[in-house]
Amino acid sequence: AKSAGGNRFELADPEADARAITRHGLTTALPAALDRGEFFIEYQPLVRLGDGSVRGAEALVRWLHPQHGVLGPDRFIPLAEHTGLIVPLGRWVMEQSVRQAGKWRDLYGDGAEGSLRINVNLSPCQLQHPGLVQDTVDILERTGVAPDALCLEVTESALIGADDDVLKPLHRLAEMGVDIALDDFGTGYSNLANLRRLPVSVLKLDRSFTRSMQQFPADPVDLKIVEGIVALAHSLDLAVTVEGVETGAQAEQLRILGCDTAQGWYYARPGPPDRLHHLALADATG
Ligand code: C2E
Ligand code: CA
Ligand code: CA
Ligand code: CA
């Protein structure tokens, strides 16, 4: 409670206190949360801009905290990275979502364009963890899912200045047939020439580009930049995905610019896996 008058300046900021306690509380609660099964995954579809068909989905982890309700990844992933829990948590996310991809494959088969692909986020700590390749191999074997149904998303910033120790496991995964996507592309100081030494097959254009397509007409400089990135990506045989598509106008603009796939609230919010079933079925039945 706030006391009046002169000692106001001695009062601690109660909100900052609550935040600190929560942060500390969340950090200590993390390991047990994994054991108790408090994490769950929502799936957000990725759609082909050409024909609107579903390409796959991105797995996005959430924490159903017994006191605080559903917490988004921005609240706890940094804590999990700090404590190292991100390694077992990330492994759990990968196993769950690859298993889900196997269920989708069983439901829809391996259609002409291949089965639905699952995109899983990797944090920089996981990249540095020596078990990454073996864990991935084990998960694919346990679930019987083909490597090309898995796409690992790594942020551009995690790979900037990355040495061979970090790149080697990614190269090995890419050789196995796992797709690697460069997430949040265009936010860091990307050295475009650097792309050639990275084993990536997908560029995921950051939401900031999509946002600038909201105005009509869109900022001509941004249009040129996206046009240039798409041209470069395609010349290197990379597919371009855009995230944060919220309107049909954005989708249309990005399609005209040559982007391959899109993700965003315009198509679907992240949700339970059966939501993707409806989309994919609607897609299959026209
Ligand atoms: P991200 O990889 O860039 O994921 C996209 C974020 O954009 C997600 O936020 C998603 O819900 C949100 N989003 C999707 N469509 C739209 C849209 O149309 N408009 C807007 N404004 N936002 C949209 P979310 O789920 O809160 O995830 C935040 C970040 O947390 C992710 O960013 C990713 O970096 C990280 N994250 C999520 N799951 C995992 C995980 O399993 N492992 C790791 N290491 N990181 C994860
Ligand atoms: Ca991502
Ligand atoms: Ca992203
Ligand atoms: Ca992001």
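About the cut-offs
- Residues numbered from 1 in each chain as written.
- Chains lettered and ligands numbered in written order.
- Predicted model: local features only at pLDDT ≥ 70, side-chain atom pairs only at ≥ 80, totals over all residues.
- Heavy atoms only, no water.
- Buried < 20%, exposed > 50% of the residue type's maximum accessible area, 1.4 Å probe, protein only.
- Helix = DSSP H or I, 4+ residues; strand = E, 2+ residues; numbered from the N terminus.
- Pairing = 2+ DSSP bridges.
- Salt bridge = Lys/Arg side-chain N within 4 Å of Asp/Glu carboxyl O.
- Donors = N, O, S within 2.8 Å, 3.2 Å for Na, K, Ca; no water.
- 1 Å grid on protein atoms, 1.4 Å probe; cavity = no way out; pocket = protein on both sides within 12 Å on 5 of 7 lines; lining within 4 Å.
- Points joined across faces, edges and corners; volume = space filled by probe spheres on them.
- Near = heavy atom within 4 Å.
- Polar contact = N/O pair within 3.5 Å; in protein donor to acceptor, adjacent residues only side chain to side chain.
- Areas by Shrake-Rupley, 256 points an atom, 1.4 Å probe, with all protein chains shown as cover.
- Nonpolar A, V, L, I, M, F, W, Y, C, P; charged D, E, K, R; others polar.

Enquirer: Summarise the pairing of strand β2 (residues 54-65); cite the residues concerned and give the values.
Expert: Of all 12 residues in β2, 10 are buried; the element is thus mostly enclosed. Here 9 bridges tie strand β1 (residues 39-48) to β2, and the two strands are oriented antiparallel to one another. The residue of β2 that forms the bridge with Pro45 is Ala57. Turn length for the β1-β2 hairpin, with the two strands adjacent in sequence and antiparallel, is 5 residues, and the turn residue Gly52 shows positive phi of about 75 degrees. Two elements, β2 and strand β4 (residues 117-121), share 4 bridges in a ladder whose sense is parallel. By the bridge assignment, Ala57 is partnered in β4 with Ile118. Connecting β2 to the antiparallel partner strand β3 (residues 69-71) that follows it, the hairpin turn spans 3 residues.

Enquirer: Give me the pattern of salt bridges: which residues, what numbers.
Expert: Counted according to the given criterion, the structure contains 11 salt bridges. The closest approach of N and O atoms between Arg99 and Glu95, which form a salt bridge, is 2.6 Å. Here the residue Arg99 and the residue Glu95 both occupy positions in helix α3 (residues 86-108), the gap between them amounting to 4 residues, near one helical turn. Classification of Glu95 by relative accessible area gives buried; the value is 15%. What you see here is one network of salt bridges that share partners, running through Glu58, Glu153 and Lys204.

Enquirer: How would you sum up the coordination of the calcium ion (ligand 2)? Please name residues and give values.
Expert: All of the protein donors around the calcium ion (ligand 2) are Glu58 (OE), Asn121 (OD1), Glu153 (OE) and Asp183 (OD); their distances to the metal are 2.1 to 2.3 Å. Within one chain, the residues donating to the calcium ion (ligand 2) are spaced in sequence as E-x62-N-x31-E-x29-D. Between the calcium ion (ligand 2) and the calcium ion (ligand 3), a separation of 4.0 Å is found, and both are coordinated by Asp183. One end of the pair, Glu58, is in strand β2; the other, Glu153, is in strand β5 (residues 150-155), with 95 residues separating them in the sequence. Given the relative accessible area of 5%, Glu58 is considered buried.

Enquirer: So what's going on with the coordination of the calcium ion (ligand 3)? Which residues, and what values?
Expert: Of the protein atoms, only Asp183 (OD), Asp184 (OD), Glu243 (OE) and Glu243 (OE) coordinate the calcium ion (ligand 3), at distances of 2.3 to 2.5 Å. All donors of the calcium ion (ligand 3) belong to a single chain; written as a sequence motif, their spacing is D-D-x58-E. Residue Asp183 is classed as buried on the basis of its relative accessible area of 7%. Residue Glu243 is classed as buried on the basis of its relative accessible area, which comes to 12%.

Enquirer: Can you tell me about the layout of surface pockets, naming the residues and giving the values?
Expert: Rolled over the atoms, a probe with the dimensions of a water molecule shows which regions are left empty. Of the pockets and cavities examined, the largest pocket occupies roughly 1,000 Å³. Listed by contribution, the elements that provide at least two residues to the lining of the largest pocket are β2, α2 (73-83), α3, β4, α4 (124-128), β5 and β6 (179-185).

Enquirer: Give me the site of ligand 1: which residues, what numbers.
Expert: Near ligand 1 lie 22 residues; those nearest to it are Gln44, Arg62, Arg207, Glu246 and Trp265. Interatomic distance of 3.0 Å between a side-chain N/O atom of Gln44 and a nitrogen atom of ligand 1. For ligand 1, an oxygen atom lies 3.5 Å from a polar atom in the side chain of Asp184. Burial of ligand 1 by the protein chains amounts to 84% of its free accessible area of 800 Å². Ranked by the residues each element gives to the shell around ligand 1, the list is headed by β2, at 4 residues. Its residues placed into classes, the shell around ligand 1 shows 8 nonpolar, 6 polar and 8 charged.

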